[in-house]
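Below, each chain spelled out in residue letters.
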Amino acid sequence: MWVTPITLLTLAPILALLGAFARPAPDIWAHLGRHVLPELWGHTAALALGVGAGVLAVGVPAAALTALCRFPGRRFFVWALLLPMSLPAYVGAFVWIGWLDFSAPLPTWLRTHFGIAAPPIRSAAGAVLVLTLALYPYVYLSAYAALRAQGARLMEAAQTLGHSRLQAFGRVALPMALPAISAGLLLVWLETLADFGTVAAFNYNTFTTAIYKTWFALQSINAAAQLAAILIALALAAALGQAALVRRQARMGTTRMTAPGALVALRGWRAAMASIYCGLLWLLAFAAPMAQLLIWAIRVMAQDLDARYVGFALHSLALSAAGALLVVGTALALAYAARLQTSPALIVAQRLATMGYALPGAVLAVGTVWCLTWLDHRIADALGLNRLLLSNTLAALLLAYLVRFLAVGYGPIEAGLQGISRSMDEAARILGEGTLGRLRRVHLPLLRGTLATAAALAFVDLMKELPITLMTRPFGWDTLAVRVFEMTSEGEWERAALPAVAIALVGLLPVFLLIRQTDARH
């Protein structure tokens, strides 16, 4: 069965990282333990807690208003509040730095005319602000789905028992939605642990930036691998918590759809406040940053847009397309194996193969290079070669892509196959079709839309991906995301806008897919 080789291939970088502890780097670890690790633990914990509190404070009220209430602009905000998902967090980071850095126009104007010193944006608070605005849609979407499915009906039932609307929401609807909200929160924590570009822009050291600096500044892939192994433990703990909450959600029945109840009509100042709240959130998280990016991009286009951008765009498109095809093909093989044979061992293998999405890109970059370097040395010794064949090649980059984003393709394809009746398999078998024949003539035609969705989601995630591309790309394979990182590292905010706009426009694709799915359900 092809599941075992796929599982071993995707687990190899992770196992290689865990094996890094067999070769400690005492001098470097003494330095890290004395000067770096205490700060990393503190910064990572503060960032996770701050972003978690922020997305709950922002996303849950927005979801409650759009799912349960009627007010001016509601139909627009239901989908518009998802648009920040199209802006990578590291893009939002340099926009906010461009607005609020010490030498930016607004802080300069405040100092000059009023003697007011704006708080520094390059801080923990700045990183929390940007990540909150970028990641709140995860909580918003989960909470909206849960509240829209049952919240209004439950509130109506509670009101018949004498509760006010606010009491019914706080005592009935919100507790029933908590598992879904918690699942969204855990996704936010996974993304926060995985973030590299945002914290790098704010000069806020976390485990991801420490891995990058240890590898490239201290020239120790051993120590980088060991730091990555620590981050694996944190990410897996979050993933296990997410799985437990999903099981609890299933037991509580919060995923069961019912006919939505009537929306509560807000009037007067309440309706105005609801519209203002959702409007400000949309403005700060998407509209204003996107408008600023477009202004900067137009301003520098004449002198900055040259033949290099053709190369950046082609590299991004080629890598994203190749990675998406690899992800979708591998995901289809995994999901189809489950349709042919169901066993506990197979289920475990599939879950292990798709666990890479819970791990930060910087971790997988280190693990992939570590694994392929070890394999390269074995091949070189066996064949008497004096060069490495796999390390620092597109093969390393695509392997890291596959491990990181296999779950993105697997989820839609698994759901699509489950929607195809087993009787169609039996009919095809009676007509003499074998395993591959049934796949080619029955399943693939019915999965065209699903495969297109999975490919689109993987493609856009790969377009936005930064740490894996930055750390494992071959020489000369710079992409739009790498260009954004290089320009922001030099403080060239306006020049970073041009590639950022291209990434953001491509990022709108999965948002529109999510909007269509949400509309179809509700």
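Residues numbered from 1 in each chain as written. Predicted model: local features only at pLDDT ≥ 70, side-chain atom pairs only at ≥ 80, totals over all residues. Heavy atoms only, no water.

## Regarding the environment of Pro 120
Going by this rule: Put simply, DSSP H or I for four residues or longer makes a helix, DSSP E for two residues or longer makes a strand, and each gets a number counted from the N terminus. Only protein chains enter the accessibility calculation, which uses a 1.4 Å probe. A residue is then buried if its area is under 20% of the maximum for its type, exposed if over 50%, and partly exposed in between.
Of note, Pro 120 is situated in the loop between helix H5 (105–114) and helix H6 (124–160). Classification of Pro 120 by relative accessible area gives exposed; the value is 63%. For the pair formed by Pro 120 and Phe 102, sequence separation is 18 residues and the distance between their alpha carbons is 7.0 Å.

## Describing helix H11 (residues 268–304)
Here is the rule we go by: Here the expected span of a helix is defined as 1.5 Å times the quantity of residues minus one. Bend is computed residue by residue as the angle between axes fitted to the seven residues ending at the residue and the seven residues starting at it.
Here H11 spans 50 Å end to end across 37 residues, near enough to the 54 Å set by a 1.5 Å rise per residue. In the structure, H11 departs most strongly from a straight axis at Leu 283, where the bend amounts to approximately 50 degrees.

## A look at the nonpolar core
Condition: The criterion is simple. A nonpolar core is a set of buried Ala, Val, Leu, Ile, Met, Phe, Trp, Tyr and Cys residues joined through side-chain atoms within 4.5 Å.
One finds Phe 71, Phe 94, Tyr 140, Leu 293 and Ile 413 to be the most contacted residues of the largest nonpolar core, which totals 123 residues. Considering every element that reaches this core, the biggest residue donor is H6, with 15 residues. Judged by nonpolar contacts, the second largest core, of 37 residues, contains Leu 11, Leu 32, Leu 40 and Ile 211.

## A look at unusual backbone geometry
Here the phi dihedral of Asn 203 falls at roughly 55 degrees; this positive angle occurs in a residue that is not glycine. Its location among the elements puts Asn 203 in the loop between helix H8 (197–201) and helix H9 (207–216).

## Describing the side chain of Ser 123
Heads up, the rule is: The contact criterion used is simple: two residues touch if any of their non-hydrogen atoms lie within 4.5 Å.
Mapped onto the elements of the fold, Ser 123 is located in the loop between H5 and H6. Once residues lying within four places of it in the same chain are set aside, the contact partners of Ser 123 are Phe 202 and Tyr 204.

## Quick word on empty space enclosed by the protein
Our working rule: Two kinds of site are reported from a 1 Å grid over the protein atoms alone, namely cavities, where a 1.4 Å probe fits but cannot get out, and pockets, open sets with protein on both sides within 12 Å along at least five of seven lines, and residues are called lining when an atom falls within 4 Å of a point. Grid points are joined across faces, edges and corners, and a volume is the space filled by probe spheres set on the points.
Evaluated as defined, the whole model comprises five cavities of 30 Å³ or more. Roughly 90 Å³ of internal volume is contained in the largest cavity. The wall of the largest cavity is formed by Pro 84, Leu 87, Pro 88, Ala 89, Gly 92, Trp 96, Val 130, Leu 133, Ala 134, Leu 284, Ala 285 and Pro 289. Sorting the residues of the lining of the largest cavity by element identifies helix H4 (89–100), H6 and H11 as the ones contributing at least two each. In this model, the second largest cavity occupies a volume close to 60 Å³. Lining the second largest cavity we find Thr 44, Leu 47, Ala 48, Thr 192, Leu 193, Asp 195, Val 199, Thr 206, Phe 207 and Leu 231. For the lining of the second largest cavity, the secondary structure elements donating two or more residues are helix H2 (26–68) and helix H7 (165–194). When residues of the lining of the second largest cavity are assigned to their parent elements, the largest contribution, three residues, is made by H2.

## Quick notes on the packing of aromatic side chains
Aromatic ring pairs are defined here through the distance separating the ring centres and the angle between the ring planes. Rule in force here: Ring geometry is summarised as follows: Phe, Tyr and Trp rings, the Trp one being its six-membered ring, pair when their centres sit within 6.5 Å, and such pairs are stacked at plane angles under 30 degrees, edge-to-face over 60 and tilted between the two.
Applying the stated criterion across every chain yields a total of twelve aromatic pairs. Ring centres of Trp 96 and Trp 99 lie 5.1 Å apart, and the angle between their planes is 75 degrees; this geometry places the pair in the edge-to-face category. A residue pair is termed a helical-turn pair when its members lie 3 or 4 positions apart in one helix, as Trp 96 and Trp 99 do in helix H4 at three residues. Centroid distance Phe 196 to Phe 485: 5.6 Å. Interplanar angle 35 degrees. Geometry classified as tilted. A residue pair is termed long-range when its members are at least 10 positions apart, and Phe 196 in the loop between H7 and H8 and Phe 485 in helix H20 (residues 480–489) qualify at 289 residues. With respect to class, Phe 196 is no different from Phe 485; both count as buried.

## Re the confidence of the model for the protein chain
What counts, and what does not: Every residue is assigned a pLDDT by the predictor, reflecting its confidence on a scale from 0 to 100.
The predicted model of the protein chain averages 81 in pLDDT, with 85% of residues at 70 or higher. Summarising per-element confidence for the protein chain, the mean pLDDT is lowest in helix H10 (residues 221–252) (66) and highest in H11 (92). Predicted confidence is poor over residues 253–258, with pLDDT under 50, and the contacts of this stretch with residues over four places away or in other chains come to 14 contacts.

## Brief notes about a nonpolar patch on the surface
Let me state the cut-off plainly: For patch building, the residue pool is restricted to those with more than 30% relative accessible area and no salt bridge; the joining distance is 9 Å between like charges and 5 Å between nonpolar side chains (Val, Leu, Ile, Met, Phe, Trp, Tyr). Surface exposure here means Shrake-Rupley accessible area, sampled with a 1.4 Å probe, where a residue is shielded only by the protein chains that are shown. Whenever a carboxyl oxygen of Asp or Glu lies within 4 Å of a side-chain nitrogen of Lys or Arg, that contact is scored as a salt bridge.
Taken together, the side chains of Trp 269, Met 273, Ile 276, Leu 280 and Leu 283 make up a nonpolar region of the molecular surface, amounting to roughly 540 Å² of accessible area. Structurally, Trp 269 is set in helix H11. The class for Trp 269 is exposed, based on a relative accessible area of 59%.

## A short note on the state of the cysteines
Rule in force here: The term disulfide is used for any two cysteine sulfur atoms that are within 2.5 Å.
Across all of its chains, the model carries zero disulfides by this definition. With no disulfide of its own, Cys 278 has Cys 69 as its nearest cysteine by sulfur position, at a separation of 9.4 Å. Accessibility expressed as a relative area gives 0% for Cys 278, which makes it buried.

## Brief notes about the pattern of salt bridges
Two side chains that carry opposite charge are able to pair once their charged atoms sit near each other. Enumeration over the complete set of coordinates arrives at seven salt bridges. A salt bridge links Arg 483 to Asp 304; the nearest nitrogen and oxygen atoms lie 3.8 Å apart. With Arg 483 in helix H20 and Asp 304 in helix H11, the pair connects residues that are 179 residues apart, well separated along the chain. Asp 304 carries the same exposure label as Arg 483, and that label is buried.

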